[in-house]
Amino acid sequence: MGQEAIPFTPESAGQRIDQVIIGYERSEGFRNLELNTQKAYRIDLNQFRSHLLQHEVETFAKLKPEHFNSWISKMQSSYKPTTVTRKVKCIRGLLREAVAKKIIRPDLVEGLPPVFQPKKKPPEGLTPNQVNFLMAEAKKAGSLRNLAIILLLLETGGKSNQILKLNRQDILFRDNQMLVRLRSSKKEKEATVSNETREIIRHFLQEQDRSPDEPLFLGRGGQRLTRQGFWLHLKSYGRSIGISDLSAPMIRNTGRRKLRSAS
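None of the values given here were measured: they were computed from a predicted structure.

Trainee: Give me the lowdown on the side chain of Lys 87, citing residues and values where you can.
Mentor: Within the fold, Lys 87 resides in helix 5 (residues 81-100). The exposure class of Lys 87 is buried, given its relative accessible area of 2%. Once you skip the residues sitting within four places of it in the chain, Lys 87 turns out to touch Asp 44, Gln 47, Trp 71, Met 75 and Tyr 79.

Shown next, in the form of C-alpha cells:
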C-alpha cells in the first residue's frame with residue numbers, strides 16, 4: 001500500500017498543480033531570482049508538472065512523496081548532479097509555496113530526501129601568456145568595459161556577480177590609489193588595484209556620464225550588464241585565444257593564485 005496522499009484544507013480544495021505553479025512564478029521569492037535562474041526554474045517546473053500528469057496527478061490532493069522521489073530518480077538518470085540539485089531546489093520552492101498557502105502539510109517538504117551535490121573543483125587559472133592574449137583580445141575588440149571587468153576579476157578577488165553589481169560610487173580614488181568597494185551578503189571590503197588598471201578604469205569612467213548610484217557596467221538597452229551577457233563576450237574571447245571553456249571564475253582564480261604565491 002502506498003503512502004497516504006497529502007490532504008487539502010477546505011480553503012484550498014480543487015487547486016490544480018498548474019495553478020500553484022503559476023502562483024509560485026508570481027511570488028516575490030521567485031521574482032527576486034536572477035532572470036537566468038527564473039528561466040531555468042520554469043523549465044524545471046514544466047518537467048515536474050509533466051511527470052505528475054503522466055502519473056495522473058492533476059492536483060496536490062493526489063500528490064504523494066513517492067511521486068517526488070520518482071521524479072528525482074528520473075532526473076538523476078538524465079542530468080548531472082549539479083543540475084539535479086538545482087531542479088530539486090526549484091521544486092522544494094514550489095512545495096514551500098504550497099505549504100504557505102495551506103495546500104499541503106509541512107511534513108511533505110520536511111520529509112524529502114537530500115540530494116547529494118559534489119564539491120566543485122575550482123577551475124584552473126590562466127598562464128601569464130594566456131592572460132596577455134586575453135587582454136590583447138579585449139583591447140582588439142575595442143571594449144574598455146570588458147577589459148575593465150577582466151582586470152577587476154584578476155586584481156580584486158571579487159566574484160563576477162560582485163563586479164557586475166558595482167555602481168559608479170563603488171570606485172573610489174584616494175591618496176593616488178583606486179579602491180573598489182565589493183559587497184557580499186555577509187560583508188563589504190575595499191580592494192586596491194595596480195596603477196595600470198587604475199588608469200584603464202579612469203579612462204573608462206571618462207567615457208561614461210552617469211550618476212554615482214547608477215550601474216558601473218551597462219549592457220544592451222542601458223541596463224546593468226548581466227552575467228550571461230558578459231559570459232557571451234568571454235566565450236568569444238576564449239575561442240579567439242584557444243580556450244574553449246574560458247570563464248569568469250577561471251580569470252578570478254588566476255589573480256587569487258598569483259596573490260597567494262606572492263605572499
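Back to the write-up after that little detour.
Trainee: I'd like a rundown of the nonpolar core, residues and numbers included.
Mentor: Counting residues in hydrophobic clusters, the biggest one holds 38 residues, and the most contacted among them are Leu 152, Phe 217, Leu 246 and Ile 251. Listing elements by their share of this core, those giving two or more residues are helix 7 (128-140), helix 8 (144-156), helix 9 (160-164), strand 2 (177-183), helix 10 (195-206), helix 11 (227-241) and helix 12 (248-262). Ranked by residue count, the leading element in this core is helix 8, at 9 residues. Non-local contacts of Ile 251, meaning those with residues more than four positions away in its chain, are made with Leu 126, Leu 134, Ile 150, Leu 153, Leu 154, Leu 234 and Leu 246. With 27 residues, the next largest nonpolar core counts Phe 60, Leu 94, Ile 103 and Val 109 among its residues.

Trainee: Kindly report on the pattern of salt bridges, identifying the contributing residues and their values.
Mentor: Applying the stated criterion across every chain yields a total of 13 salt bridges. In this structure, Arg 49 and Asp 18 form a salt bridge, with 4.0 Å as the shortest nitrogen-oxygen distance. One end of the pair, Arg 49, is in helix 3 (residues 35-54); the other, Asp 18, is in helix 1 (residues 17-25), with 31 residues separating them in the sequence. Residue classification places Arg 49 among the partly exposed residues on the basis of a relative accessible area of 28%. A relative accessible area of 25% places Asp 18 in the partly exposed class. Close ionic contact of Glu 190 with Arg 174 constitutes a salt bridge, the shortest N to O distance being 3.5 Å. Of this pair, Glu 190 sits in strand 3 (residues 188-192) while Arg 174 sits in strand 1 (residues 171-174), and the two are 16 residues apart along the sequence.

Trainee: Break down the packing of aromatic side chains for me, citing the residues and quoting the values.
Mentor: Scanning all chains against the criterion turns up 6 aromatic pairs. Their ring planes at 70 degrees and their centres at 5.3 Å tell us that Tyr 24 and Phe 30 sit as a pair that is edge-to-face. Here a set of aromatic residues connected by ring pairs shows up, and it is made of Tyr 24, Phe 30 and Tyr 41. For Lys 87, the ring lying beneath its charged end belongs to Tyr 79, and the centroid distance is 4.4 Å.

Trainee: How would you sum up unusual backbone geometry? Please name residues and give values.
Mentor: In this structure, Lys 102 is a non-glycine residue whose phi angle is positive, near 60 degrees. At Asp 175, a position not held by glycine, the phi torsion is positive, near 50 degrees. Tracing the chain through its elements places Asp 175 in the loop between strand 1 and strand 2. Here Asp 175 falls in the exposed class, since its relative accessible area comes to 72%.

Trainee: Explain the pairing of strand 1 to me, using residue names and the numbers behind them.
Mentor: In this sheet, strand 2 lies alongside strand 1 in antiparallel orientation, the contact comprising 4 bridges. Each residue of the ladder has a partner; that of Leu 172, found in strand 2, is Leu 179. Counting the residues between successive antiparallel strands, the hairpin from strand 1 to strand 2 contains 2 residues, one of them, Asp 175, with a positive phi of roughly 50 degrees.

Rules of the game
- Residues numbered from 1 in each chain as written.
- Predicted model: local features only at pLDDT ≥ 70, side-chain atom pairs only at ≥ 80, totals over all residues.
- Heavy atoms only, no water.
- Helix = DSSP H or I, 4+ residues; strand = E, 2+ residues; numbered from the N terminus.
- Buried < 20%, exposed > 50% of the residue type's maximum accessible area, 1.4 Å probe, protein only.
- Contact = heavy atoms within 4.5 Å.
- Core = buried A, V, L, I, M, F, W, Y, C linked by side-chain atoms within 4.5 Å.
- Salt bridge = Lys/Arg side-chain N within 4 Å of Asp/Glu carboxyl O.
- Phe/Tyr/Trp six-rings, centres within 6.5 Å; stacked < 30°, edge-to-face > 60°.
- Lys NZ or Arg CZ within 6 Å of the ring centre and 35° of its normal.
- Pairing = 2+ DSSP bridges.

Fair warning: the whole summary comes from geometry, so function is off the table for now.
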